[in-house]
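# Remarks on the overall topology
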Amino acid sequence: MTTTAALPNPLIAGFHPDPSVVRVGDTWYLATSTFEYLPGIPIHRSTDFVDWELIGHVATRPGQLDVENVPTAGGAWAPTLRYRDGVFHVVVTDAMGRGMLHFTATDPAGPWSDGDLLTVPDGSRSLDGIDPDIAWDAEGTAYITYSGLILGGPDAGTHTGIQQARVDLGTHRALEEPRSLWSGVGGMFPEAPHLYEIEGRWYLLIAEGGTERGHGVSLARADSPEGPFEAAPNNPLVSARSTTRPVQNTGHGDLVTGPDGEWVCVLLGVRPRGMTRAFSALGRETFVTRVAWQPDGWPTIEPVPLNPRPGTRVEVAFSPETALDGEWIAVRSLPTDHADLTSRPGWMRLDADGSTLGDPRPVFVGRRQVHLAQRTSVTLDVSAGIGGLAVRYDERFYVEAEAGAGEIVARAVVGDLVQEWREPLSVPVLTLHIDCAPGSSAVSFAPAIHALHLAATVEEERIALAEVDGRFLSSEVTESFTGRVIGVYAREGMIDATAWVAEGDDE
């Protein structure tokens, strides 16, 4: 039997924020945010809470999430995953896209429904808010509880606290005007509400303090899902603010019973490094910690421990008979929009469309960086084009090793600053490398964020191209909700890629 003390942390590494979890029998399912990336809202499954398998995504078809034209940091924000009477439910805000949506599926691996807009009572517009939760009372009444953040119009940015409305899931219209519930104990941005009925009482779990260093989890309870709610005496129940804990920004939690019958809380956090512990390379990841219920009916939540998994090695062999696995993602488009696995068996072909990584929808397919120390390489044939290997946060922050047209170019784009390093290239096939490893600026008395080392292997000779300070590609510098994604891109003509390898650990 697995005990919570043995659970790995991060539970799901790399860019996997805003986790929501549900238990169905002896199996757990977990959903996370994807913002402007597709496929959207991954669903992971586990039977022991240790090993998690990616079984599918909610948004796998055009139009389910209207992310094709959302601004950076828009798209799929903070899903809630629940199960009732043989049906899985996801409610999520497609920020700056379609609005607040409800998806259903009988199999969590998919396919999921097209998504229905959750609207105000007259159906004229979406409910104004983010981070929706869905819960049902004993009579089957559905409650949508959410954070009242207005995203558009003249009141954009206005925050109205935690809101709730009864909703008819047949019409997807609210049955009443939203009411305010409880908005925490004074921290900014009360959000991420989750509502539970536990032993006859209703508990409202929220995040407050912002998703950065002030993040935390607070709780209130009531005799009815509509309140009134009283605050727990020891709020916030968990927060890493003003501590030296290795996992920071802990918040946005969801409660569930674990594999040994103990309650646990899944939540997001970051692993900051640097002399001031101010830079998080991988963005917000999914963590877990133990919950203990006290005799007075209130829970306590333990600080989030760090317990990294062993190192991993992933080798991808491209084949016409095998589709890209679900770990591949693309920006405001699906990987299948770009990746051609049939024209040259054993290779993945990308056809450029005039875009670069600085454009909103580049010809780019990648995978999340999941280790603090990671080495990624790919072999390219650039005889008919220009492209390369890149690590991306968004269209203003990325680093790339590029080849084609007779040269190799290492390029760092940090906001409006661009630096390049060039080497001649006399052959069409080469291997490009991006290694996250200690750099020349590391200090001995603090865990430094690793530098990005760009290199190329040409005719069996490895050529060092550039070293880029890893702090420039961190969530704090980029002000990003996502994380590092490493992938292949095409900028001109056509390129072919093979022999993808990513290996690393969390030294």
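Residues numbered from 1 in each chain as written. Predicted model: local features only at pLDDT ≥ 70, side-chain atom pairs only at ≥ 80, totals over all residues. Heavy atoms only, no water.

### Digging into the domain arrangement of the protein chain
Under the domain assignment, the protein chain is made up of domain 1 (20-254) and domain 2 (312-505). For domain 1 and domain 2, the distance between their C-alpha centres works out to 33 Å. Listed per partner, the contact involves 21 residues of domain 1 and 20 residues of domain 2. Area buried by domain 1 at its contact with domain 2 is led by Glu-36, Tyr-37 and Leu-38, which between them contribute 37% of it. Connecting domain 1 to domain 2 are one salt bridge. The salt bridge partner of Glu-476 is Arg-213, with a shortest N-O separation of 3.2 Å. Put simply, the parts of the chain that give the side of domain 1 that touches domain 2 at least two residues each are β3 (37-38) and β5 (53-59). Class assignment of the residues belonging to the side of domain 1 that touches domain 2 gives a composition of 12 nonpolar, six polar and three charged. (Domains from an automatic or database assignment. Contact = heavy atoms within 4.5 Å. Buried area = accessible area lost by both parts, 1.4 Å probe. Salt bridge = Lys/Arg side-chain N within 4 Å of Asp/Glu carboxyl O. Helix = DSSP H or I, 4+ residues; strand = E, 2+ residues; numbered from the N terminus. Nonpolar A, V, L, I, M, F, W, Y, C, P; charged D, E, K, R; others polar.)

### Thoughts on the sheet that holds strand β4 (residues 40-46)
Read across the open sheet, the four strands follow the order β1-β2-β4-β5; overall the sheet is antiparallel. This sheet does not close on itself; its edge strands, each paired only once, are β1 (20-24) and β5. In this sheet, neighbouring strand axes are inclined to one another by 25° on average, regardless of whether the strands run parallel or antiparallel. Both β1 and strand β2 (residues 27-31) contribute to a ladder of five bridges, which runs antiparallel. Bridge pairing in β2 links Val-22 to Tyr-29. (Pairing = 2+ DSSP bridges. Axes fitted to C-alpha atoms, helices over the stretch in contact; angles between N-to-C directions.)

### Here's the deal with the sheet that holds strand β7 (residues 87-95)
Pairing is antiparallel across the open sheet formed by four strands, whose spatial order is β6-β7-β8-β9. The sheet terminates laterally at β6 (75-84) and β9 (116-117), the two strands that pair on one side only. Looking at chain direction, strand β8 (residues 99-105) and β9 are connected through two bridges and run antiparallel. Paired with His-102 across the two strands is Asp-116, which belongs to β9.

### Considerations on the pattern of salt bridges
In total, this model carries 35 salt bridges according to the counting rule given. Close ionic contact of Asp-85 with Arg-84 constitutes a salt bridge, the shortest N to O distance being 3.8 Å. Given the relative accessible area of 68%, Asp-85 is considered exposed. Among the salt bridges present, the one from Arg-411 reaches Glu-420, with a minimum N-O distance of 2.7 Å. For Arg-411, a relative accessible area of 11% corresponds to the buried category. By relative accessible area, which is 35% here, Glu-420 ends up partly exposed. One network of salt bridges, in which partners are shared, links Glu-400, Glu-402, Glu-407, Arg-411, Glu-420, Arg-422, Arg-491 and Glu-492. (Buried < 20%, exposed > 50% of the residue type's maximum accessible area, 1.4 Å probe, protein only.)

### Examining the packing of aromatic side chains
What characterises a pair of aromatic rings is the spacing of the ring centres plus the angle enclosed by the ring planes. On inspection of all chains with the given rule, the structure shows 13 aromatic pairs. Their ring planes at 85° and their centres at 6.3 Å tell us that Tyr-203 and Trp-298 sit as a pair that is edge-to-face. Taken together, the residues span a long stretch of sequence, with Tyr-203 in strand β16 (residues 201-208) and Trp-298 in the loop between β22 (285-293) and β23 (299-301) at a distance of 95 residues. Trp-298 carries the same exposure label as Tyr-203, and that label is buried. With a centroid separation of 6.0 Å and 50° between ring planes, the pair formed by Phe-318 and Trp-328 is classed as tilted. Of this pair, Phe-318 sits in the loop between β24 (312-316) and β25 (330-331) while Trp-328 sits in the loop between β24 and β25; the two residues are 10 residues apart in sequence, bridging distant segments of the chain. For the pair shown, Phe-318 and Trp-328 are each scored as buried. It is Arg-344 that lies over the ring of Trp-347; its NZ or CZ is 3.9 Å from the centre. (Phe/Tyr/Trp six-rings, centres within 6.5 Å; stacked < 30°, edge-to-face > 60°. Lys NZ or Arg CZ within 6 Å of the ring centre and 35° of its normal.)

### Thoughts on the nonpolar core
Core analysis: the largest hydrophobic core is formed by 45 residues, its most contacted members being Met-348, Leu-430, Leu-452, Val-488 and Trp-500. Ranked by residue count, the leading element in this core is strand β35 (residues 485-505), at seven residues. In this view, Met-348 contacts Phe-318, Leu-324, Ala-339, Asp-340, Leu-341, Val-365, Val-488, Ile-495, Asp-496 and Ala-497; residues no more than four positions away in its chain are not counted. Membership of the second largest hydrophobic core comes to 22 residues, among which are Ile-41, Val-70, Ala-105 and Trp-112. (Core = buried A, V, L, I, M, F, W, Y, C linked by side-chain atoms within 4.5 Å.)

### Describing unusual backbone geometry
Excluding glycine, most residues fall at negative phi; most peptide bonds, likewise, are trans. Note that the residue after Asn-9, namely Pro-10, is joined by a cis bond; omega there is 10°. The omega torsion across Asn-235 and Pro-236 is -10°, close enough to zero to call that bond cis. Mapped onto the elements, Pro-236 comes out in the loop between β18 (230-231) and β19 (238-239). Here the phi dihedral of Asp-131 falls at roughly 55°; this positive angle occurs in a residue that is not glycine.

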